[in-house]
Amino acid sequence: MSTTRLYGVVLTVVTLAAVAWPLGRHPLAGDSFPLSTYPMFAQRRRDARLYLEYVVAVGPGGGRRHVPPALVASPEVMQAITTVHQAVARGDAPVLCRRVAERLARRSSYRGFDTVQVVAGNHAAIAYLVDGVHGSERILAACPIPREGAP
Amino acid sequence: MTWLLDRWFAPAPPERLAAMRILVGLFAIGLLISQLPLWLGHQFVHADFRPLGVVRLLDHPLGRGARLALVGATLGLAIAFTLGVVHRWLAPVFALALLATLTYRNSWGMAFHTENLLVLHVLVLAVVPAAAAWSVDARGRPGAPPGERFGWPLRLMAAVTVTTYLLAGVAKLRLGGWAWAHGDALREQIAVDNLRKHLMGSPMSPVAAPFLEYGWLLQALAVGTLVVELGAPLALLHRRIAAAWAVAAWGFHLGVLALMAIGFPYPLIGLAYAPLFKCERLIAWALRRGRRRRDHEQLVLGEPPAGGAELAVGLDGQPDLGEARGPRGLAAEVPAPAHEGEHQEPHVERLGAQPLAPGVGAVLADDDDPARG
């Protein structure tokens, strides 16, 4: 076998063995980067039930706007979700709330809102999206959006 | 066994591997630039650090300076990789830097699956002669003839691609069983993912909610997804299967984008499937266009255009296509030798007339691939 072929065979075997290696691991627990089990979309979510902590801006009249991930933690939705969840788990929901409120204070598009809330929601996703039926919510932290000149 | 080895090591033109280097390199540059706001910002909260892969070597997250140095160096190395500068030594360094950079980015509580294949393809390209053509390294050298050392890396990249799809299919069966094909799991995933985006103040798919009411369509999509993923290795067997599979897999990602607003840019622009195709034709087309524009500008300025036989061909490196090759490896309209009485047309014109494959603007590598018919 020529050197080219020997090198090619070795690299092929090593590479494919490495890429296929996650087959021997649990699809969720064994996920990593760049060798992945690719578990996305694989898991069943019974009744499409979603428990999630998120951040909303609330206006004086009760109007709400869900605060986008870039203003909460990261432009990536999933990374922002992780940040919010971990903050709540550490008991830092009020800290997160104040941090987001400070960011919103600098945004003219949030002038009509005066409060930030960190909320834990429990929704049935299909009912929510198809029929508009919202589940339950619990406020974990609330804080005012600081405005210049406000007392 | 010999038959398999001969198929695996069937020769390919150096331009095909070089085209992959350029396309993948450009993608990496674009990705790193698009992620710069993330690296420059303050989104890496220490408490969220969940190291994966090689980043497990770190006890603590990097400081801002080290983080920016890492991404800056990776970007510089990506440019060198794309241009083919000292490929033998710099390309492996780039591959490791990209691995470290993107692993670090994925080490904050959420492993994305959009960059895995890019890293795996770069790791392969870094240790093979991907700069033997269309590179700074190749300038002034006579063009390399087609050889087996340029073919198997492309087949390996294609094999890596299909293996990742197979893994995704296996994960669905292991977590959901064959019941995954009923479509309920997919329906739940689409609903949960879109609601999650909505609650997080991010745009959700405008078509997801009405789509959720069509169970039969979801079942068809679920079955199609499993067929694409579990059947992926078949793409290595025959060129027509490869073409059909690439279109189906690309359609799957288009569906994910439409229904979940999740973009997998690497497959969506066709790079994941490019190793299955004569992807050098895209670069050759771009070079030809660039040269025509330059010639046109020179004509307008009253200067004689460069070109003709001075700039040698070598668009796909296929000797039977009658190309000439020169020191710069650029495209030119040098006619292919024709038999007496045959119509003779410029080689590059024939290439330009080829149909474009989805996403990559290339045609199937049917002359020297194991995927050939």
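Treat the numbers as computed from the prediction; the structure is a model and nothing was measured. (Residues numbered from 1 in each chain as written. Chains lettered and ligands numbered in written order. Predicted model: local features only at pLDDT ≥ 70, side-chain atom pairs only at ≥ 80, totals over all residues.)

**Student:** Please set out the overall build of chain A residue by residue, giving values where relevant.
**Tutor:** From N to C terminus, chain A includes five helices and four strands. Scanning chain A from its N terminus toward the C terminus, one meets helices and strands in the order α-β-β-α-α-α-β-α-β. On C-alpha atoms alone, chain A measures out to a radius of gyration of 23 Å, which is more than a quarter above the 15 Å that the 2.2 N^0.38 rule sets for 151 residues. A principal-axis box enclosing the C-alpha atoms of chain A has dimensions of 80 × 35 × 30 Å. The buried share among the 151 residues of chain A stands at 35%. (Helix = DSSP H or I, 4+ residues; strand = E, 2+ residues; numbered from the N terminus. Rg over C-alpha atoms; globule rule 2.2 N^0.38 Å. Buried ≥ 20, exposed ≤ 12 C-beta atoms within 10 Å, placed from the backbone.)

**Student:** Outline the overall build of chain B, supporting the account with residue identities and numerical values.
**Tutor:** The secondary structure content of chain B amounts to 14 helices and two strands. Counting across all 373 residues of chain B, residues that qualify as buried make up 52%. Restricting to contacts in chain B with at least 6 residues of sequence separation, those with at least 24 account for 75%. (Contact = placed C-beta atoms within 7 Å.)

**Student:** How would you sum up the pairing of strand S3 (residues 115-124) of chain A? Please name residues and give values.
**Tutor:** Residue and element names in this part refer to chain A. Direction of pairing for strand S1 (residues 49-58) relative to S3: antiparallel, over a ladder of 10 bridges. Within the sheet, the bridge partner assigned to Ala57 lies in S3 and is Val116. In this sheet, strand S4 (residues 136-144) lies alongside S3 in antiparallel orientation, the contact comprising eight bridges. When the bridges of S4 are listed, Gly121 appears paired with Glu137. (Pairing = 2+ DSSP bridges.)

**Student:** Now, about the nonpolar core: what can you tell me, with residues and values included?
**Tutor:** Residue and element names in this part refer to chain B. If you look at the biggest cluster of nonpolar residues, it comprises 143 residues, and the most contacted ones within it are Met20, Phe94 and Val122. Per element, the largest residue contribution to this core is 12 residues, and it comes from helix H7 (residues 152-176). Setting aside its immediate chain neighbours within four residues, Val122 contacts Val24, Ala28, Ala95 and Leu98. (Core = buried A, V, L, I, M, F, W, Y, C linked by C-beta atoms within 7 Å.)

**Student:** Pulling in residues and values, what's your account of the environment of Pro34 of chain A?
**Tutor:** Considering the arrangement of structural elements, one finds Pro34 of chain A in the loop between helix H1 (3-20) and S1. Along the backbone, Pro34 of chain A and Thr3 of chain A are 31 residues apart, and their C-alpha atoms lie at a distance of 29 Å. Pro34 of chain A has contacts with Gly53, Leu99, Asn116, Val119 and Leu120 of chain B, leaving out every residue within four places of it along the chain.

**Student:** Break down the sheet that holds S3 of chain A for me, citing the residues and quoting the values.
**Tutor:** Residues and elements named next belong to chain A. Taken in spatial order, the four strands line up as S2-S1-S3-S4 in an open sheet, and their pairing is antiparallel. Edge strands, defined here as strands with exactly one partner in the open sheet, are strand S2 (64-66) and S4. The average undirected angle you get between the axes of adjacent strands in this sheet is 30 degrees. Here helix H4 (residues 93-105) sits on the sheet in contact with S1, S3 and S4, set at roughly 60 degrees to S4. (Axes fitted to C-alpha atoms, helices over the stretch in contact; angles between N-to-C directions.)

**Student:** Requested: an account of the interface of chain A and chain B, with residues and values cited.
**Tutor:** Taken together, the contacts link 54 residues of chain A with 57 residues of chain B. Within the residue set of the side of chain A that touches chain B, elements represented by two or more residues are H1, S1, helix H3 (77-89), S3 and helix H5 (125-131) of chain A. With nine residues, the single largest contributor to the side of chain A that touches chain B is H1 of chain A. In terms of residue class, the side of chain A that touches chain B is built from 32 nonpolar, 16 polar and six charged. (Nonpolar A, V, L, I, M, F, W, Y, C, P; charged D, E, K, R; others polar.)

**Student:** Can you break down the packing of H1 of chain A against H7 of chain B residue by residue, with the values?
**Tutor:** Running from N to C, H1 of chain A and H7 of chain B cross one another at 15 degrees; their axes reach a closest spacing of 10 Å. Regarding the angle of H1 of chain A to H7 of chain B, the classification is roughly parallel. The handedness of the crossing between H1 of chain A and H7 of chain B comes out as right-handed. Side by side, H1 of chain A and H7 of chain B meet where Gly8, Leu11, Thr12, Thr15, Leu16, Val19 and Ala20 of chain A of the first sit next to Trp152, Leu156, Ala159, Val160, Thr163 and Thr164 of chain B of the second. (Parallel < 35°, antiparallel > 145°, perpendicular 65-115°, else oblique. Left-handed = near helix turned anticlockwise from the far one by under 90°.)

**Student:** Run through helix H8 (residues 184-199) of chain B, naming residues and quoting values.
**Tutor:** The end-to-end C-alpha separation of H8 of chain B is 22 Å, in line with the 22 Å expected for 16 residues at 1.5 Å each. By the criterion of burial, H8 of chain B is predominantly enclosed, with 15 of the 16 residues buried. (Expected span 1.5 Å × (residues − 1).)

**Student:** How would you summarise the packing of helix H2 (residues 14-34) of chain B against H7 of chain B if you had to cite specific residues and measurements?
**Tutor:** Residues and elements named next belong to chain B. It is at 9 Å that the axes of H2 and H7 come closest, and there the two elements cross at 45 degrees. Comparing the axis directions of H2 and H7 gives the class oblique. From H2, Arg16, Leu17 and Met20 reach across to H7, where they touch Pro153, Leu154 and Met157. Taken together, the residues of the contact of H2 with H7 break down into five nonpolar, no polar and one charged.

**Student:** Let's hear about the confidence of the model for chain B: which residues, and what values?
**Tutor:** Residue and element names in this part refer to chain B. On average, residues of chain B score 83 in pLDDT, and 81% of them reach the 70 mark or higher. Confidence, expressed as mean pLDDT per element, reaches its minimum in chain B at helix H14 (residues 347-352) with 36 and its maximum at helix H6 (residues 116-125) with 98. Considering only residues more than four positions removed or in separate chains, one finds that residues 307-362, a stretch of pLDDT under 50, has 124 contacts. Below pLDDT 50 for its whole length, residues 366-373 participates in 29 contacts with residues either more than four positions away or in separate chains. Of the two predicted TM-score estimates for the complex, the pTM is 0.81 and the ipTM is 0.88. (pLDDT = per-residue confidence, 0-100.)

**Student:** Tell me what's going on with unusual backbone geometry, and back it up with residues and numbers.
**Tutor:** Both trends apply: most residues other than glycine have a negative phi, and most peptide bonds are in trans. All names here are of chain A. In this chain, Phe33 is followed by Pro34 through a cis amide linkage whose omega measures 0 degrees. The backbone of Tyr38 sits at a positive phi, close to 50 degrees, despite the residue not being glycine. With respect to the helices and strands, Tyr38 occurs in the loop between H1 and S1. The buried category is assigned to Tyr38, around which 22 C-beta atoms lie within 10 Å.

**Student:** Go over helix H13 (residues 280-300) of chain B with me, naming the residues and quoting the values.
**Tutor:** Residues and elements named next belong to chain B. For H13, which comprises 21 residues, the first-to-last C-alpha distance of 30 Å matches the rise-based estimate of 30 Å (1.5 Å per residue) to within 8%. Residues of H13 that are buried: Glu280, Arg281, Leu282, Ile283, Ala284 and Arg288. Immediately beyond the C-terminal end of H13, within one or two residues, lies Gly302, with a positive phi of roughly 85 degrees.

**Student:** Which residues make up the environment of Pro60 of chain A, and what values go with them?
**Tutor:** Summarising the element assignment, Pro60 of chain A is placed in the loop between S1 and S2. Along the primary structure Pro60 of chain A and Tyr38 of chain A are separated by 22 residues, whereas in three dimensions their C-alpha atoms are 45 Å apart.

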